[in-house]
Every structure is written in C-alpha cells, then in structure tokens.
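# Structural overview for review
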Amino acid sequence: MAEVRVREGEIRVGDRLRATALLEVLLPEGGGERALPVPIGAGAGGVSRAESDGVPGAASGAVAHSTLLVVRGRAHGFAAEGVWTPRDGEDAPYWDVDLRVRYEGEAPLEAALRVGFDLLGTGRPTWLIPGAFYRENRLPHCTRIYPRYDFAGGDPQQLVSDRWAFRADRAAVPAVFAWDGEGSAALATAETGPLGISGVGFAGNADGTRIWLDFPYREEPVAFPAPGTPGPADRPRHRFVPGGEVVLRFRVWIGGPEPHAYAPFVRQLYRLDRPVNPLRPWMGLRRAAELTAHGLHRWHYKPELAILCETAAFDREAGAPDRPNMHVGWVSGTPWLHALLEYGRAQGRAEYVDAAVAVMDKIASGLAPAGIFWGEWRSGRGWSQGWTPNKGWVHARTIAEAALFTIRALAAERARGVDHPTWAEAVRSNLDYVCRVQRPDGALGAYYHAETGEVMDWDGAGGLLWIAALLEGAELLETAAEGAHQNQAARFRDAALLAGRYYRRFVDEAYIYGAPEDVHLCPTSEDGYNAVIAYVRLYEETGDPEWLAVARQAADWTMTFRWTYNLTFPEHTMLAQFDFRSRGADQASPSNQHLHNYGLIALPEMVRLWRHTGDDYYLERTRDNLACFLQFIARADGDFNAYRGMVTERYYNTNCFQPKGMLLTLSHAWSAGAVLYAAQEAARYAARWGIDFGLPEE
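Read on for a plain summary of the structure.

## Details of unusual backbone geometry
Omega for the bond connecting Phe-215 with Pro-216 falls within 30 degrees of zero, at -10°, which places this linkage in the cis form. Backbone torsion omega between Glu-220 and Pro-221 reads 5°, so that peptide bond is classified as cis. Relative to the helices and strands, Pro-221 is located in the loop between β21 (208–215) and β22 (223–226). Look at Phe-632: it is not a glycine, yet its phi comes out positive at around 55°. Positionally, Phe-632 belongs in the loop between α13 (616–628) and β37 (666–668). With phi around 75°, Phe-657 is a residue other than glycine that occupies positive phi space.

## Considering the pairing of strand β1 (residues 4–7)
The alternating pattern of β1 places Val-4 and Val-6 on a buried face and Arg-5 and Arg-7 on a face that is not buried. Looking at chain direction, β1 and strand β2 (residues 10–13) are connected through 4 bridges and run antiparallel. Its bridge partner lying in β2, Arg-7 is registered against Glu-10. Counting the residues in the hairpin turn of β1 and β2 gives 2 residues, including Glu-8, whose phi is positive at 50°.

## Observations regarding the pattern of salt bridges
By the definition in use, this model includes 70 salt bridges. In the salt-bridge network here, residues are joined through shared partners; they are Arg-408, Glu-472, Glu-475, Glu-478, Arg-493, Arg-537, Glu-540, Glu-541, Glu-605 and Arg-608.

## Remarks on α13
Relative to the 18 Å expected for 13 residues at 1.5 Å per residue, α13 spans 18 Å between its end C-alpha atoms, a close match to the ideal helical length. Across the 13 residues that make up α13, a large majority, 11, are buried. When α13 is considered as a whole, its buried residues turn out to be Tyr-617, Tyr-618, Leu-619, Arg-621, Thr-622, Arg-623, Asp-624, Asn-625, Leu-626, Ala-627 and Cys-628. At its buried positions, α13 is contacted by α1 (263–273), α2 (285–300), α10 (545–558), β35 (586–587), α12 (603–613) and α14 (669–689).

## Brief notes about the nonpolar core
Counting 237 residues, the largest nonpolar core has Tyr-448, Trp-466 and Tyr-535 as the members making the most contacts within it. Ranked by residues supplied to this core, first place goes to α14 with 12 residues. Apart from residues no more than four positions distant in its own chain, Trp-466 is found in contact with Ala-396, Ile-399, Ala-400, Ala-403, Asn-430, Leu-431, Val-434, Leu-444 and Tyr-448.

How each quantity is defined
- Residues numbered from 1 in each chain as written.
- Predicted model: local features only at pLDDT ≥ 70, side-chain atom pairs only at ≥ 80, totals over all residues.
- Heavy atoms only, no water.
- Helix = DSSP H or I, 4+ residues; strand = E, 2+ residues; numbered from the N terminus.
- Buried < 20%, exposed > 50% of the residue type's maximum accessible area, 1.4 Å probe, protein only.
- Pairing = 2+ DSSP bridges.
- Salt bridge = Lys/Arg side-chain N within 4 Å of Asp/Glu carboxyl O.
- Expected span 1.5 Å × (residues − 1).
- Contact = heavy atoms within 4.5 Å.
- Core = buried A, V, L, I, M, F, W, Y, C linked by side-chain atoms within 4.5 Å.

Below, the structure written as structure tokens:
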C-alpha cells in the first residue's frame, strides 16, 4: 500500500499523487469561477500531524500503512480537517478520506468545493471515468461528436478540450482514473453527498496532469446534453451558512502503468457498494420469459411483412407510429428470433414458432449480391444497408451477430430433428465471405459493400464477433456429418484463431470500439460484450489459457460500464416512483449516455467465464445485470404507461437526451428479446449448475 506523507505544505501519496491544499473553494468570477485554496497547515491552530494507533509523537513526514493521518487547514472562511484511513481491501488497497469542512464566515456564502491531486509522472495522460470516458474518448476522425480529450486543448464548442468535469451520475462507478505513462491513480466518491450530486474531473496539458472531485458537481468547459450538442457550463453551488459543517467522503488509490490497472480498484468499489445498494427484481425468470415472449409476438411481429419490427410505441391511442423496419441482428433480427423460437418450442406455442421461423426464413433468403446478409429490411424500400455512413455498406458486427444467432437457432432446431436448409446455406455463404476478405494479419473489416463485397473500412473492432460465428459455424458443419464441409469447417476455425490474435490488441489496450452501427468508432459496452463472447468461445475451442486471460480482461473492461450503485432519481420522475434500482445496469456508451440491457446477450458467456475461472465476481455482476432488467417489464396493460410485455430501450441516468429519471416510451425488439434470451439461458444454467440468481419465487 502506498505511503502518505505530509511535508512542507504538501500531501504525497506514494510517488503518484500530490496535493498542495486540503480543498479549493470555488467562487463565481465573471463567466467562470476562481479557486481559493485552503492550504495544509494554514491559519491559526491549523497544524498538520499524524496519529499512529495512539502512539504519541508520530512524525508528520513519512507515515507507515497502519497510521491514521489527520491533516488540518484554515483559510477563506473555511476550516477543514481530513482524516486519512488506510484500507487493505480484499481486491485493492486504498485510502478512505473523511474531509470535515466548517464554514466560519460571518455571512452566508454561495460556493462549491473541490478536492484535487496532481499526478507526479511526466508522460501524456490517458483517462477512465467508468462508462463515461475512455482514454481520449473519441478518435480524431470519429464522425460522432461527443466529449474528446486533446492534450493541446481544442474547441469546447466542438466538444474537444484538455480538461473535463462531469456529474457523477454519468459514471457507472463514480471515480476518475488517470495514467501518465509511469503509473495510475484514482479518486472515487459517491454519486450524491451532503452538497447534492457529486462530480469528477481531470485536466492534462503542458502544465501537468490533475484529477479532482467536485462537491457539488461541475460540468465544464461545456455540458453534454446530446451528441453534437454542447451546452453551457453547469456550475451549481451550495449555500454555506455560518457554523455549518459538511463531511465529504472519498477514496484514493494508486496503481501501475498497465492499461487494465483499474480492474482491482473497480472490483473493490463494487465490493463496497454491493451490500448497501440492494436489488429489487420485479419477477422471476419464468414470468419474465412469458411476458417478453408475448411482447415480441404481440407488439413487434408483423405477419403481413414477416418482420420483427424494431420499435413499438407505448402510446397506441395517439397514433405514434411503430418503426416497421428490421435489422438482421443488433436492434432486431436473429438473436431475438432465436429466443422466441426457443421459447415457443419449449412451451408448445406454435404461433411463436411459426412467427420466428417465418422471419428467420425472410432474413436467410435476403442475401446481398456479395453473399452476405443485408443490414436491414425497411418498409417501402426492402433490403438495404442499415444505419451505416454510406449507401450500400453493411456493418460487420450487425451481420456477424445475425450469422451467430442463425447458427445457434439452426443448431437447436437440428437437435430436435428439424432442418432449415435456407438458414444453413445463408450461414455458409456469410462465413465463406468473411474468410475470403480476411487480411493476412487477421482483421475482418468493419464495413463491407453489399454489392461488390469490397471491404470499405478496416478501422475498429466491429468484426470481432465473427470469431464466435466462425467457431460455432465450424462446429455446426461438423456435427451435421457433412463430409464435404469438413475442410470448410477447418478453414472457419483457422480464420477465427487468426482474428483472435488480431483483435486482442483492442482488449489489451483497454480501448475496444466500433461495435454499433450508429456510434462510429466510439468505445461502447457492446464492444465489451462482443469481446467476452468471442474470447470465452476461443478459450473453450482451444483450451489455451491465453484466451482465458483475454476473456477476463474483456469482462473486466465491460464491468466498467456496469453500475455498482443505485442512482438517486428526482422524486417525481417515473424511475423514482417505481423505485428503479440501477445496480447492474450498463451505460450504453460515452456517446449514448443512458442505461440499457444489451449486456444480457453475454449472460451465457459470463456465467461460463465464472465456471472457467472460479471467480465469483463475474457471477455476481452477471446476477446484478439480470436482476436489474427484471424490472420495467410491463406486467399488464398500463404498467408504467406501457402495454403487457413491452420493454423500453433507455433509462435516463443523467442530464443527457432527457431529464434524469425518465424512460423512453418505446418498446424495442432487442430490449424485450434480450430479457427473453437471458431468462431462458439463466434458467438453463441454474438447472445445470445449481446457480441461485437471487430472484423472487415464481
């Protein structure tokens, strides 16, 4: 554990962090703020000292781990005392800090407080605010405009800056991590405290590297209400009255220079948050599956079009249109059709089976000239590319996911003695194509031209999910005892292994991006799910511990998007009134800041990762994810203004897109489908391995 030293007006945490003040008082000045430091040892009686287990005379310089450090200061009408308590931690050592602040001025004062530390390394920094900011956060050529870090500064109106501060409720773990080439450090606090919503921030430029916590939050240099939309800086203040006291609580951690150094401290913070942030699922697995199967069939299946339409409006009377379009994977398509088909077969619901087969037939028979799936079927236009940046392009992840779940559906059907030759031919055609275009280094491309088959863009990890599709496609060919296809199966396996070696660089660097069509080159939780699915499958295929290590890193990175705590929602909002518990929810991405349930797609792989590693952390966080999204499944018509079986896509956790505490009044096919898929998979693993998911009795 790092030593904490107090010397010559500074606090030093190991060789990583330095603070020259106990806190800063932020006061309005012009269009911004000025920061008045409360120095260590300033003012009458403000002497810093260390107290070690009651031993008198402890030095105010180097302090051993077992010490309790007390640091005092007074200035600008504020007196402060910081008590530093070392914690060994089961996952990571850290320091608990209680900073008691008393206002001694003669008149009320509107102000905010900031606690900040400088990093002592000399390298250019990178960052992590879990769920909200990753490294530079946005590549220079990314077309989606959301906050980006640039060491040289930039134009805040283009959402580019060398310093950012955010509300803590944007973060899945309210913490800010920094790396400077020589090591890493983090500050963490709670979403809310005695001054309201807390904040996290950082700055890095030629003057140095700094991280901080704000009480209450600041959003600067601009706020981020939506992509491409900078808002004015948001700087709330607290009214301090003479004699008033507050206690600000936070944690301090330092770590190594490796990209995944964050993982032990994220685990530790989860361990601390978990007992005091209880879950409250509304139902068990059987009820969730019954409702979401009904919702998919009743509200999303359009028999006259043979599609699973992407959205269905909550408000049916007002005439709000449904979206009669269907992606082949991702926001609609084969993953959720596979789930509906499995449920229909298991429950003897012929109408569900017929619907799923009809739509799967449509997708499988709708191949583009290049031999791959089209991205989307759209009403009035038919088959087309989807939400891609150029006409005729299809996205690798969308069609890889479509192929993977067609394979899974076909394998399940063949196990029942039912074959679908059109599905099998579509799978072979897609996998043959991706093997043909694979580069010698293993890259599988991000965008393909549906007409010519040319790879139009290689950037990012959008092709990562092909790894699982290739491996499961090879297994399907072999189990079908089709001798003519044995060489093809070996080719698929070889391509998957080569791709695994290529794409692991994104996992190693803790910066995986490119999965969703609509968030160009942004790191997203969906990238994490794809990496977990791919590398767990690679490990199971090969038994090589290298792939298990990559799968663990992918899962650790994915957990940075997953909420460790329950948000405090404004009293009169829908999420507050229904007592929505956010622990286990995932942030979609730093660009699309809302909670979503897509992580349920990786539930089987996360459970198997737990079995392969014996690491209960992966099971606990998967259990949280499932329990969280057994909320807000409409139990009857009118439930939270939806219809029975509907599931929303978005739960608003902060001031992005919509006010905090609202939810999107649309049911999405993938949102209902993800619950249906996960409920059935969880029930299967619970029966096989005796897992207690901690859900209500049916």
